[in-house]
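Working through the structure, step by step
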Amino acid sequence: MSRWWWFFAFACCAFAAGPSAADLAKSIREAGLDADQCYRVRDVSLQKEDIRLYFTDGYLIFSKPVEGQRRGAVFTADVEGGDGEVLLLPPFPAERQSLAMFTQSANLDEHFRAALMIFTDAAAQALLDRIGKEGSGRKAPEIGVAMAERWGPVLANVETGFQMRLVEDALAPADEGGMLFLALDGRKVGNFDMVYDPRSREQIVAGQLTQRNGRLTYNIWTSFPARSSRTGNRKPQTPWFTPSDFRIDAALDPDLKMKVTTRMKIRVGNRPLRVFPFDISSQMNVTSAKIDGAPAELFIQESLRGRALRGSENDIFLLIAPEALAANSEHEFEFDHEGSVITTAGDGVFFVNARATWYPRAAESFATYDLTFRYPKALTLVAAGDVAEDRIDGDCRVTRWRTPSPIRLAGFNLGDYEKVSGNVPGFTINVYGNRHLQTSLQPRPAPAPIDPPPGARRSPIDRLNAASPSAPILPDPLARLRTVAQDVSSALEFYSTNFGPPALKTLTVAPIPGAFGQGFPGLVYLSTLSYLDPNQRPAMLRDERHQVFFSELIAAHEVAHQWWGNVVTVDAYQDEWLMEALASYSALLWLEKKKGPKALDSVLDDYRDHLLAKDAEGRTVESAGPITWGPRIESAGINDAWRAITYEKGAWIFHMLRKRMGDDRFLKMLAEMRKRYEFRTISTEQFRDLAKEFAPPKTGASAVDAIFDNWVFDTGVPELKLKYTVKGVAPAVKISGSIAQSGVDDDFSIDVPVEIQFAKGAAQTLWVRSSNDGVTFTATVKQVPSRIVLPASVLTKK
Ligand SMILES: [Zn+2]
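Along each chain, the written sequence defines residue order, and numbers are assigned to residues from 1. Reporting in this predicted model follows two pLDDT cut-offs: at least 70 for local features of residues, and 80 or more for side-chain atom pairs to be given and counted; totals over whole chains, interfaces and linings ignore these cut-offs and use all residues. Hydrogens and waters are ignored; side-chain quantities use all the structure's heavy atoms.

Time to look at the overall build of the chain. Each helix and strand in the chain was counted, giving 16 helices and 38 strands. Restricting the calculation to C-alpha atoms gives the radius of gyration, and the globule rule supplies 2.2 Å times the number of residues raised to the power 0.38. For 798 residues, the compact-globule estimate of 2.2 N^0.38 gives 28 Å, and the chain sits close to it at 30 Å. When the backbone C-alpha atoms are referred to their principal axes, the chain occupies close to 90 × 80 × 75 Å. Note on areas: Shrake-Rupley, 1.4 Å probe, and residue coverage restricted to the protein chains presented here. For the chain, the accessible surface area stands at approximately 34,600 Å², while carbon and sulfur atoms represent 52% of it. Positive: Lys, Arg. Negative: Asp, Glu. His and the chain ends are not part of the count. By convention, the charge on Lys lies at NZ, on Arg at CZ, on Asp at CG and on Glu at CD. When the 93 positive and 98 negative side-chain charges of the chain are each reduced to one mean point, those points stand 5 Å apart. By the criteria applied, helices consist of DSSP H or I runs no shorter than four residues and strands consist of E runs no shorter than two, each listed in order from the N terminus.

Okay, here's the thing in structure tokens:
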């Protein structure tokens, strides 16, 4: 259910220190434009880091001040020969490529008819003062009246979308720095936005709200760190506050509506703080909140634009302390919230919608959890951690879970389950399956037999058959429960041996209706399709690829998330691929161990075919964008591109790293990653540096750079052709060869293995750095080779 109108709920008391958030929001929204501060301007410029705006000729009007601050301004070029212009030059090739994909130009140089600006700091006032000082504008109050009338409501409407942020910034620590939002009416590209946000990792964003497949989507044209950040002239950000020690009491009524009280400890960062932003599912209503036992103001509002920008179904809400809480102080926060986060997928089969955000969360931080659920006793409810208490109370069952170590987030699942336990020393593994079949997997009833024409003779046998048409065979939702439990155990054991201990020693696996899985700390959601016999899966999923996915890979992928995502995690969309690609490749390592290298090669081969598949315009899936674009890959409009690139190209990237490093170094690197980044985040760059540490001596580090520059930060899959001659006799056989590369940009250059095979003894591998100019190589070997090949361990066109 969408809830993108805004509302607020707040405690009834009046606040001594400063206005309430609700009052502040109302004042900002109702401020309107200030007709007295309208100017006919010529050659006024505004620069914010990489964004350069020129109000060449037109009118500029400012909003009325609220709490001493003007937060809005509007420029129109509505005069004879009027014009505005904006310049933005992305500093990285991949960002220029992205911008060009949307605007047909690698740099943005756009003339505009109108610009709407929202400032959350004093920048608007500074601009106004500058116009006065420079004399670059002359007051135009009559035009101001008309502009205020025309543009006031437009500005108020956009401000409503930014209300959370406007309030948050008004109450933020003083040295935090403000945001600039620009909505521009471009002459070539139409309406588009630009943002400078000092609190983002990439402070500069340009993009456009559009419709795709009937849904509102936000296309990010380009996004990158601002100049001061790139040149290191920016002080590092410190978290405003850190939550820990979550205690959650949840009660599910017979309709599975949830009423929850969530308590947590909050440690304020190194600056006093009054405003605390949280995330929660839009299906949950936060009804009240307390700080240290006293009611505190809640400010809740959501806008469609805000959701589209964040690509999320979650709402942001603010908790506002009556007065700023002291730096480094610790407090008890308490929230009451309720909602329907569970849906029925058929008789006795349930689906937890808001798996990650059914309680208030702030940033990605590791914390311990103490969870108590009260729920209908006919059901089984599972959650992360160890069971500390389990009892029946009337019609309810009450179960309490505790996590012995910090986890990233706490999930739960419920149903009418059958359980099989795994058997791995040192671990508790429980795998649950549904006793019932979700509606979507139940075959439709067979068509009723057509009655014979009246008067036709029917034998007693015919009549009997007509009365009992053969009943459709229902898939058994527990067919593979034991197999799943075995695979989960074997994968957990394999990963523990190679990577070290997982997030928690207790792992629960429970089904989720759908074709996907999700690996939460201590709790895996596994597609119900994995539990079905392969022959009973829906017909369209019975090809080899889907069978391998549902029977072998998905469970192993989700179990691998116990390490990748739940011990080590990431906090930016650019790095998300690391966790998904690593989980996918870990599953392939496990498959290789279970079924041999051919099984792994065949999956990788399938991934290659996917990535090189072309759409109607002749674009390959892989060309949609570099893997670090994350969800932005979808903006290219190539079907399935984000998934294929993140999971499949991602697995290839790890495979190529492994081949270049050797198995031993590769596995040691993963174990070190788990150890060094335990309960912390890792970035793509940090991972690259780690890989360099473990790369083979001499050329290894530059080979790792080549892998990242070409496969991670860029697109392109080369075609490689090998030619060679063999001269001389044993023991001095001379090989000369060349590798021709095509189908990629001129700067594409990677290490390619040339495998020299012999009739007897192990093959030798020679690594050659490729180039579009072609490269040659020579080698001297002791015996005449039987074959020289480019092995299939590099992602190339066939
Ligand atoms: Zn995953």
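What follows continues from the structure just given.
Water is not part of the atom set, so a site may look incomplete; the donors themselves are N, O and S atoms within 2.8 Å of the metal, or 3.2 Å for Na, K and Ca. Coordination sphere of the zinc ion, protein contribution only: H557 (NE2), H561 (NE2) and E580 (OE), at 2.0 to 2.1 Å. Binding-site remark: the zinc ion is held by donors from one chain whose sequence spacing is H-x3-H-x18-E. Placement of H557 in helix α10 (residues 544–560) and of E580 in helix α11 (residues 576–595) is noted, with a sequence separation of 23 residues between them. Across the pair, E580 and H557 agree in class, each one buried. Buried residues are those whose accessible area, probed at 1.4 Å on protein chains only, stays under 20% of the maximum for their type, while exposed residues exceed 50% and partly exposed ones sit between those limits.

On to a negative patch on the surface. Like-charged residues within 9 Å of one another, or nonpolar side chains (Val, Leu, Ile, Met, Phe, Trp, Tyr) within 5 Å, are grouped into patches, provided each residue has over 30% relative accessible area and no salt bridge. Note on definitions: salt bridges are taken to be side-chain nitrogens of Lys or Arg within 4 Å of carboxyl oxygens of Asp or Glu. Judged by side-chain charge, D709, D745, D746, D747 and D773 come together as a negatively charged surface patch. Tracing the sequence through the fold places D709 in helix α16 (residues 700–712). Using a relative accessible area of 43% as the deciding quantity, one classes D709 as partly exposed.

One pass over the full model with this rule turns up 55 salt bridges. The shortest N-O distance in the salt bridge between D175 and R271 comes to 2.9 Å. Of the two residues, D175 is situated in the loop between α5 (163–171) and β7 (180–186) and R271 in the loop between β12 (258–268) and β13 (273–281); the sequence distance between them amounts to 96 residues.

With that settled, the discussion passes to α5. Burial analysis of α5 places eight of its nine residues in the buried class, which makes it a mostly covered element. Turning to α5, its buried residues number three or more, namely Q163, M164, R165, L166, V167, E168, D169 and L171. By definition in these notes, contact holds between two residues if any of their heavy atoms fall within 4.5 Å. Looking at the buried positions of α5, the neighbouring elements they touch are α1 (21–30), β5 (108–119), α4 (141–161), β13, β16 (297–300) and β17 (314–325).

Quick look at the environment of L46 now. Turning to its location among the elements, L46 is positioned in strand β1 (residues 33–48). Note on L46: relative accessible area 10%, which makes it buried. Linking L46 and L127, residues 81 residues apart in sequence, is a C-alpha distance of 7.5 Å.

Side chains of a nonpolar character, in soluble globular proteins, are inclined to be buried together. Residues Y495, W564, L588, F654, F687 and W711 are the most contacted members of the largest nonpolar core, which totals 111 residues. If one sorts the elements of this core by residue count, α11 sits on top with 12 residues. In this view, Y495 contacts G500, A556, H557, V559, A560, W563, S586, A587 and W590; residues no more than four positions away in its chain are not counted. Among the nonpolar cores identified, the runner-up in size contains 72 residues, and M258, I280, F299 and F335 belong to it. Nonpolar cores are built from buried Ala, Val, Leu, Ile, Met, Phe, Trp, Tyr and Cys residues. Side-chain atoms within 4.5 Å join them into one set.

A separate point is α1. Buried within α1 are the following residues: A21, A22, L24, A25, I28 and R29. The buried residues of α1 occupy one face: seen down the axis, they fall within an arc of 160 degrees. Of the residues flanking the end of α1, it is G32, one or two places downstream, whose phi is positive at about 75 degrees. Our arc is simply the arc of the directions from the helix axis toward the C-beta atoms.

Moving on, we come to the packing of aromatic side chains. Ring pairs are drawn from Phe, Tyr and Trp, using the six-membered ring of Trp, whenever the two centres fall within 6.5 Å, and their geometry is named by plane angle: stacked under 30 degrees, edge-to-face over 60, tilted for the rest. This structure, assessed with the given rule, holds 38 aromatic pairs. With 5.0 Å between their ring centres and 70 degrees between their planes, F241 and F276 make a pair best called edge-to-face. Here F241 is found in strand β11 (residues 241–252), whereas its partner F276 is found in strand β13, with 35 residues between them in sequence. Given the relative accessible area of 0%, F276 is considered buried.

Of the two faces of strand β25 (residues 412–415), both are covered, the one formed by F412 and L414 as well as the one formed by N413 and G415. We call two strands paired when DSSP finds no fewer than two bridges between them. By the bridge criterion, four bridges tie strand β22 (residues 380–383) to β25 in an arrangement that is antiparallel. Directly across from L381, in β25, lies its bridge partner L414.

Our focus in this paragraph is the side chain of S635. The topology assignment puts S635 in the loop between α12 (597–612) and α13 (641–661). Pairs of N or O atoms are called polar contacts if they sit within 3.5 Å, as long as, within protein, a hydrogen donor faces a hydrogen acceptor (for residues adjacent in sequence, only side-chain-to-side-chain pairs). A polar side-chain atom of S635 sits 3.3 Å from a polar atom in the side chain of N219. Leaving out residues up to four positions away in the same chain, S635 has contacts with M101, F102, R212, N219 and I220.

That bond from A730 to P731 is cis: its omega, 5 degrees, falls within 30 degrees of zero. Its place among the elements puts P731 in the loop between β33 (719–727) and β34 (733–742). With a phi angle near 65 degrees, Q104 is a residue other than glycine that sits in the positive phi range. Within the secondary structure layout, Q104 lies in the loop between α2 (93–103) and β5. Here Q104 falls in the exposed class, since its relative accessible area comes to 66%. Phi at L256 takes a positive value of approximately 65 degrees, unusual for a residue other than glycine. With respect to the helices, strands and loops of the structure, L256 is situated in the loop between β11 and β12.

Another aspect to go through is the sheet that holds strand β18 (residues 330–339). An order of β15-β14-β18-β12-β11-β21-β24-β23 is seen for the eight strands of this open sheet, with the pairing classed as mixed. Of all strands in the sheet, those bounded by a partner on one side alone are β15 (294–295) and β23 (386–393). Relative to strand β24 (residues 396–402), β23 runs antiparallel, the two being bridged by seven bridges. Bridge pairing links D393 to C396 in β24.

A few words on the environment of A792. Turning to its location among the elements, A792 is positioned in the segment after β38 (787–789). Spatially, the C-alpha atoms of A792 and L604 are 9.3 Å apart, while their sequence positions differ by 188 residues. The residues contacting A792, other than those within four sequence positions of it, are R608 and W652.

The predicted structure's coordinates, where accompanied by low pLDDT, should not be read in detail. Along the chain, pLDDT gives the predictor's confidence residue by residue, from 0 to 100. Confidence in the prediction of the chain, expressed as mean pLDDT, is 90, and 92% of residues score 70 or more. Low confidence marks residues 1–16, where pLDDT is under 50. Its contacts with residues over four positions away, or in another chain, come to 35 contacts. Considering only residues more than four positions removed or in separate chains, one finds that residues 451–469, a stretch of pLDDT under 50, has four contacts.

With that out of the way, let us pick up the sheet that holds strand β28 (residues 506–512). Across the sheet, five strands lie side by side as β26-β27-β28-β30-β29; this open sheet has mixed pairing. Unpaired on one side and paired on the other, β26 (417–421) and β29 (518–520) mark the two borders of the sheet. Geometrically, the sheet is characterised by an average inter-axis angle of 20 degrees between neighbouring strands, direction not taken into account. Fitted lines through C-alpha atoms serve as axes, helices being fitted only where they are in contact, and the angles separating the N-to-C directions of these axes extend from 0 to 180 degrees. In this fold helix α9 (residues 481–499) packs onto β26, β27 (428–434), β28 and β30 (523–527), with an angle of close to 150 degrees to the strand it touches most, β27. α10 contacts β28, β29 and β30 of the sheet and is inclined by roughly 160 degrees relative to β30.

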